[in-house]
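# Close look at the chain arrangement
Chain by chain, the residues:
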Amino acid sequence: MDLKATLNLPDAEFTIPMKADLAIREPQIQAEWAKRRLYHEIQESRRGRPAFVLHDGPPYTNSPIHLGTAMNKLLKDFVVKSRTMMGFRAPYVPGYDNHGLPIEQAVAKKLAEKKITPDVITLRKACREHAAEYIEIQTRQFQRLGVFGLWEKPYTTMDYRFEAGIVRVFGHLMKDGYIYRGLRPTLWSPTSRTALADTEIIYKDHVSKAIHVAFQLAEDLNGFSNNLPNVHTIIWTTTPWTIPANLAVAFHPSLDYSMVRVDDRHFLIYSGLVQQVAEKLGWQSFEVLYEVLGASLEGSKFKHPIFDRPSLAVLADYVTTEDGTGVVHTAPGHGRDDFFTGQKYGLPILCPVDERGVLTAEAGEFDGLSYKDCDTFVVDRLRQVGMLLHEEDHQHSYPYAERDEKPVIFRATEQWFVGLDRHDLRERMMKAIDEVQWHPATAKNRIQAMVSGRPDWCISRQRPWGVGLPVLYAMPSRTPVSDPDIVEGIAQAIEQHGSDIWFDWPAGDFLPAGYAHRQTGETTFEKETDVLDVWFDSGSTHYNVFTAPVETEWHEELPVDLYLEGSDQHRGWFNSSLVISTAIRGQAPYREVLTHGFVNDEKGQKMSKRLGNVVDPEKACETYGADVVRYWLASVDYAYDVPCSDNLLKQFGEQYRKVRNTLRFLLSNLDDYDLNDQPELLDVDRWMVEQVDLLVADCVAAYQDYDFNRVIQGLHNFCVNELSAFYVDAIKDRMYCDGKEWPSRRSAQRASHYALLQLVRLIAPLLPHTAEEVYAKIPLEGKLGSVHMEEFAAISKERLLEIEGNELQQRVAVLLAMRSEVFAAFEAFKAGSEIRDSQDVVVNITTNADTISTLRSFGTDLANLMKVSEVNFVEGEPLITFVASPHPKCDRSRLRRPDVAQLNGFMLSARDRQVLGW
C-alpha cells in the first residue's frame, strides 16, 4: 500500500502557485477587471450607500510618471479601496493638469528642432496634443499599478467644459469683488518672462554680491546733522543691480541712530550695529558723536550714489536690526515693502528692468545690461565714485521659480490679482482651516502660516498656453469690462469651441452687437493677452468637477471628504483651492487633508538620472510586480520622506512572499472544504478565529486612520507569528492525517477558511492583484464577482470585549509561552546530542500545578502542539529536559507516539489505523 496516497495532501492545482510571476499575472488580472468594467460594477454595488469622496489633485501631463507620482496615486488607491470595503460608495475621478509653462517649453523645444516658429494658435494646438499624449501614457501607467478609477473619463483642465468652468470661476470672483488689476511688485521669472505667484516659488541657497554703499546727505530737514561736513548714511544690499532704481533710504522711526566720525567723513547708522559695521568696513578708529531718533530723519534727502537725483529719507517699521546697517535701500519698483513705502510717500514706481531681466533706458548708463551682469557694473561704478564701502560674496536663501529652478526677481508690473483681504477673505480662510482635520496635525500650522503670510494672489501670466484671462478692455481708455453676462458669454463660447478661440477670434465676437462700455461708453475693445495661473486652474477643480451635471458621473456634494497630496501643496493646491472655495462657497473644499513626504534613494539622497539612483515605477512593476511596489509603500511611514531602491524592493519582495505563501497554505487545505459542514471548533481553531477578529478590528481601525503601515505590519506579523510559526504547525497533522470528514479536520478547515477570507479582504486595498488571485479560489456561497466588491467583517465592540482576556485566550497564552521555552531549551539540547528533530524526543516539563493543569487541558493534541513525541509533567521548580523518545515512528504520519504498533507490515498509530479502517 502507498501510505502517501492515503493522506489528505494539498491539491497543487487548487491553490495559487508558489512563484508569484506578478509581472505576467497582474496584467492578466487587470485585463479581466477592464473587461468586466469592475470599477463601475463596484460603484453600482454601493449605490445608495454613504459616500466617501477623495478628490484627485491633478498630476502634470508633461512626462511619464515617476516614483513620487506613483506614491501619491497608490496612497489614494489605498484610501479609496479601503473605504469601499468599509461599505462606502467611494468614487474616484482621476484628474490631469494640462496648461502651463513646462508643456509650453517642451513643445517649443520640439518645434525649434524642426525649425518651426509657431504662431500662438499653432503653439497651443501642439501643447494640447502634447498633454493628450501624456494623459494616455500616465493613465496606462497608473492602471498598471492597479489603481481603480474612472479612467475612461478623467477630468482634464484642458477639456472645453473645464476651461469654461475656469472662466466662470474667474467671473464669479470678479463679480463678488475679489479680483482687481493693479501695479504691484511681483515675483518675475526673467527666463520664462512671466509673473509668478508665491506658490510657484522655492527657496534655494544662492550666492549674491553684498555691498555697503554710502549715500551723502543733500538736505537736512530737521537739523539732525548739526552742520557737520561730509555726512552720509550707509545701506547694505544683496541686489546691486537695483541701485539704479533707488529712490529712498528707510529708517525705523523708533530706533536710535548714531553719528559716527571716521576720518573726515560722518556716517549715520543704527546704534546697535556700529561695532559690527566698523569691523566689516575695517574702521581702524571711529568716534560716536551723538544719537538721533529715526523719526527725526523723515523728509530729509540724501544723494543717489550714482545719479543726480535725491534719495528721500522715509520711515518704515520693517527695518530690521539683525544685520546690515539699520538703513534700508528702497526701490519701489523692486520690492513689496519698498513698493508700499513708495506709495505712502508719493514716490514714482521706477522699474527700469524689462521682461527679460535687462535694464532699460530708465537705468541710464546701465541700459541694455542683464540684471546679473549689472551687479558687476554697478559695483565698479560705485567704487569709481567713492561710494562703495565694502563688497563680498554672501550666501543666503533666495527665491527660484519652481518650474525651471532659475532665480527670480521682484519687478513692478500691471497684473491681475485675487485680493486676499477683500471681504475678509483671509480671515474667513483662517476660520475654514480650523474646521478641517489635518493629517499630520502639524500640517495645520503650515497651512495657517502660508495663508496668513501670503500676499494677494497674482493670477495673470504672460504666456500663450493656458486659459486666456477673460477680460475685454474698452479702448482707448483701457477700462476693463466687468459685466458678468459678458464673462458668461465667453465661457459658453469656450465650452463649445475650446479656449483657443480667445486667441483667435476678434474681441467683438465676444460681445453683443452694438455693445458699449457701461462707464465709458466706448465701443472699441481689445482682449487681455495674459493667461490664468495654472494654480487657478487646479484651484478650481472642486468647483468644476463636483458641480458638473449628474450625467457626467462627476457630481458629488461639497466639501469632499479628503484631499491627499505631497506636503508642498500647502502652498500649492490646498492653498489655491482654499482661496477659491472660501470666496465662492464660504468654506474649505475639503473636510480632511492628508499629506505625504517625497521619495529618496535608500541613502536619503534625492533621486536623479545623473546619480543613477532613480527607480522607475513601470520597470519596477515589470521586475518585481505592482503588488511588491504597493507592499513597499504600505510598509513605510509616508508622512515623511521615504527611501526606495532596487535593493529595498527586493527585501519587500521577500516579505510579500511570506504573506503570499501563508495565504497559499491556508487555501491549499480547502480543496475539499464543505461549506455546509460546520463542526464545533476545537480550542486552537476557535482561538485562531478570535485572533483573526482582533486583527480585523485593528486593521480596519488603521485603515480608518490612513495608517497603512499598521495594516501591512499587522498582516505580515500575523502571517509570520500566529499562522506560520504556530497555527500552521498546529493543524498540519490534523489536516493531512485525520480522516477527511472527521470533525477535527473540518474544524481546522473551517478556521482556515475564515482566516483566509478575512486576510484576503484586509490585503485587498494594498495588494489588489494577489487578493483577487486568492479570492477567485476560495470556496464561498454567494461569491461576489471580485474581492474588491467584498466588505471588511464588522467586529462589534461586544465581540472584542468577549475575546479580550477570555479563558481560551489565557490558556493559549500559557501554551505559547511554554512552547517558546521548550523550543529554546531544545536548541540547547541539540548542541550536545545527536538528535536533530524535536519529534524524536520526549519533553519533561517541571512547573507549577496551575500551568500543568492549563497545558493538560489541550488533551492528546498537546504533543503535536509542542512538536514532540510526548509531554510529561512534574510539579516543582521550573525545568525542561529531554530524552530520546522510546516510541516507534508511525509510517504514515511520521510521528512517534505511545500507541504506535505494527499492523499489516506497517508501524501505525491508533489514529492512523482508524483512518485506514484497520
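Up top you'll find the structure we're talking about.
From a predicted model like this one, the values you see are computed outputs, not experimental measurements. (Residues numbered from 1 in each chain as written. Predicted model: local features only at pLDDT ≥ 70, side-chain atom pairs only at ≥ 80, totals over all residues. Heavy atoms only, no water.)

In terms of regular secondary structure, the chain is built from 28 helices and 32 strands. Its C-alpha atoms give the chain a radius of gyration of 38 Å, more than 25% over the compact-globule value 29 Å for 918 residues. For the chain, the spread of C-alpha atoms along the principal axes amounts to about 125 × 80 × 55 Å. Counting every position in the chain, which comprises 918 residues, the buried fraction comes to 58%. When contacts within the chain are restricted to residue pairs at least 6 apart in sequence, those whose partners lie at least 24 apart make up 78%. For the chain, the exposed surface amounts to about 37,800 Å²; the carbon and sulfur share of it is 49%. Each charge class in the chain was averaged separately, 99 positive and 130 negative side chains, and the resulting centres sit 4 Å apart. (Helix = DSSP H or I, 4+ residues; strand = E, 2+ residues; numbered from the N terminus. Rg over C-alpha atoms; globule rule 2.2 N^0.38 Å. Buried < 20%, exposed > 50% of the residue type's maximum accessible area, 1.4 Å probe, protein only. Contact = heavy atoms within 4.5 Å. Areas by Shrake-Rupley, 256 points an atom, 1.4 Å probe, with all protein chains shown as cover. Lys, Arg positive; Asp, Glu negative; His and termini not counted. Charge placed at Lys NZ, Arg CZ, Asp CG, Glu CD.)

Turning our eyes to something else, we now look at the packing of aromatic side chains. The tally for this structure, following the rule as stated, stands at 34 aromatic pairs. Measuring from centroid to centroid gives 5.0 Å for Trp502 and Phe510, while their planes differ by 55 degrees, and the two rings are tilted. Measuring from ring centre to ring centre gives 5.3 Å for Phe829 and Phe882, while their planes differ by 45 degrees; the resulting arrangement is tilted. In this pair, Phe829 is assigned in helix α25 (residues 807-831) and Phe882 in strand β30 (residues 879-884), connecting sequence segments 53 residues apart. Judged by its relative accessible area of 22%, Phe829 is partly exposed. The class of Phe882 is buried, set by a relative accessible area of 10%. (Phe/Tyr/Trp six-rings, centres within 6.5 Å; stacked < 30°, edge-to-face > 60°.)

Locating Leu532 in the fold gives a position in strand β23 (residues 531-532). Since its relative accessible area comes to 2%, Leu532 is described here as buried. Taking C-alpha positions, Leu532 is 20 Å from Arg356, a pair spaced 176 residues apart along the chain. Excluding residues within four positions of it along the chain, Leu532 makes contact with Ile166, Phe170, Ile459, Arg461, Val467, Gly468, Leu469, Pro470 and Asp537.

Let us now look at unusual backbone geometry. Note that the residue after His439, namely Pro440, is joined by a cis bond; omega there is -10 degrees. With respect to the helices and strands, the residue Pro440 is situated in the loop between β17 (437-439) and α11 (443-453). With an omega of 0 degrees, the peptide bond running from Leu558 to Pro559 counts as cis. One can find Pro559 in the loop between α15 (541-546) and β24 (560-566). The phi angle at Arg193 is positive, at roughly 60 degrees, despite the residue not being glycine.

The strand order across the open sheet formed by four strands is β5-β4-β16-β18, and the pairing between neighbours is antiparallel. Each edge of the open sheet carries a strand with a single partner, namely β5 (194-196) and β18 (457-458). Sheet topology places strand β16 (residues 409-418) next to β18; two bridges connect them, and they run antiparallel. Looking at the pairing, Phe417 lines up with Cys458 of β18. (Pairing = 2+ DSSP bridges.)

Formed by 137 residues in total, the largest nonpolar core has its most connected members in Trp632 and Phe708. If you tally residues by element for this core, the top one is helix α21 (residues 708-737), at 15 residues. Apart from residues lying up to four places away in sequence, Trp632 is in contact with Leu67, Val599, Val642, Pro643, Cys644, Leu649 and Phe652. (Core = buried A, V, L, I, M, F, W, Y, C linked by side-chain atoms within 4.5 Å.)

A word on helix α7 (residues 274-281). All of the buried residues in α7 are Val274, Val277, Ala278 and Leu281. In a view along the axis of α7, the buried residues occupy a sector of 105 degrees, so they form one face of it. On its buried side, α7 packs onto β6 (201-219), β7 (231-237), β9 (256-262), β10 (265-270), β11 (287-293) and β15 (388-401). One or two residues past the end of α7 sits Gly282, with phi positive at roughly 75 degrees. (Arc of directions from axis to C-beta.)

We now examine the pairing of strand β4 (residues 179-189). If a strand is regular, its side chains alternate between the two faces of the sheet. Among the 11 residues in β4, eight count as buried, and that is most of the element. With 10 bridges joining them, β4 and β16 adopt antiparallel strand pairing. Looking across to β16, one finds that Arg184 is bridged to Thr413. In the sheet, β4 pairs with β5 via three bridges, with the strands oriented antiparallel. Residue pairing across strands places Trp188 opposite Ala195, the latter belonging to β5. Hairpin geometry of β4 and β5 is characterised by an intervening segment of four residues between the two adjacent antiparallel strands and by a positive phi of about 60 degrees at Arg193.

Once that is clear, we can look at the state of the cysteines. A full pass over the atoms with the stated rule returns zero disulfides. Between Cys374, a cysteine without a disulfide, and Cys351, which holds the nearest cysteine sulfur, the sulfur-to-sulfur distance is 13 Å. Among the cysteines around Cys621, which has no disulfide bond, Cys644 carries the closest sulfur, lying 11 Å off. (Disulfide = S-S within 2.5 Å.)

Helix α19 (residues 646-668) packs onto helix α18 (residues 626-635) with a crossing angle of 100 degrees between their chain directions and a minimal axis gap of 9 Å. Put simply, α18 runs roughly perpendicular to α19. Residues Asp627, Val628, Val629, Tyr631, Trp632 and Ser635 of α18 form the contact with α19, whose participating residues are Leu649, Phe652, Gly653, Gln655, Tyr656 and Val659. In terms of residue class, the contact of α18 with α19 is built from eight nonpolar, three polar and one charged. (Axes fitted to C-alpha atoms, helices over the stretch in contact; angles between N-to-C directions. Parallel < 35°, antiparallel > 145°, perpendicular 65-115°, else oblique. Nonpolar A, V, L, I, M, F, W, Y, C, P; charged D, E, K, R; others polar.)

A few words on the sheet that holds strand β20 (residues 472-475). Here three strands make up an open sheet; going across it, the order is β21-β20-β22 and the pairing antiparallel. The sheet is open, and its two edges are formed by β21 (479-480) and β22 (524-527), each paired on a single side. In the sheet, β20 pairs with β21 via two bridges, with the strands oriented antiparallel. Looking at β21, one finds that Tyr473 is bridged to Pro480.

To continue, consider the pattern of salt bridges. A complete count under the given rule lists 63 salt bridges for this structure. For Asp840, the salt bridge identified is with Arg896, shortest N-O distance 2.8 Å. Of this pair, Asp840 sits in the loop between α25 and β28 (841-847) while Arg896 sits in the loop between β30 and β31 (901-903), and the two are 56 residues apart along the sequence. Given the relative accessible area of 19%, Asp840 is considered buried. Judged by its relative accessible area of 22%, Arg896 is partly exposed. (Salt bridge = Lys/Arg side-chain N within 4 Å of Asp/Glu carboxyl O.)

Attention shifts here to the environment of His55. Along the polypeptide, His55 turns up in strand β1 (residues 54-55). As a C-alpha pair, His55 and Met607 span 552 residues in sequence and 28 Å in three-dimensional space. If sequence neighbours within four positions are ignored, His55 has contacts with Tyr155, Thr541, His542, Val545, Phe546, Val560, Leu562, Tyr563 and Trp573. For His55, the side chain forms a polar contact with the side chain of Thr541, separated by 2.8 Å. (Polar contact = N/O pair within 3.5 Å; in protein donor to acceptor, adjacent residues only side chain to side chain.)

Let us look at the packing of α21 against α25. Closest axis-to-axis distance for the α21/α25 pair is 13 Å, and the angle between their directions is 100 degrees. Taken together, the axes of α21 and α25 lie roughly perpendicular to each other. Facing Ala725, Phe726 and Asp729 of α21, the residues of α25 in contact are Leu815, Leu816 and Arg819. Residues that form the contact of α21 with α25 fall into these classes: four nonpolar, no polar and two charged.

With that settled, the discussion passes to the pairing of β9. With respect to burial, β9 is a largely interior element, five of its seven residues being buried. Two elements, β9 and β11, share six bridges in a ladder whose sense is antiparallel. By the bridge assignment for β11, Val260 is matched with Val288. Note that β9 and β10 share six bridges and pair antiparallel.

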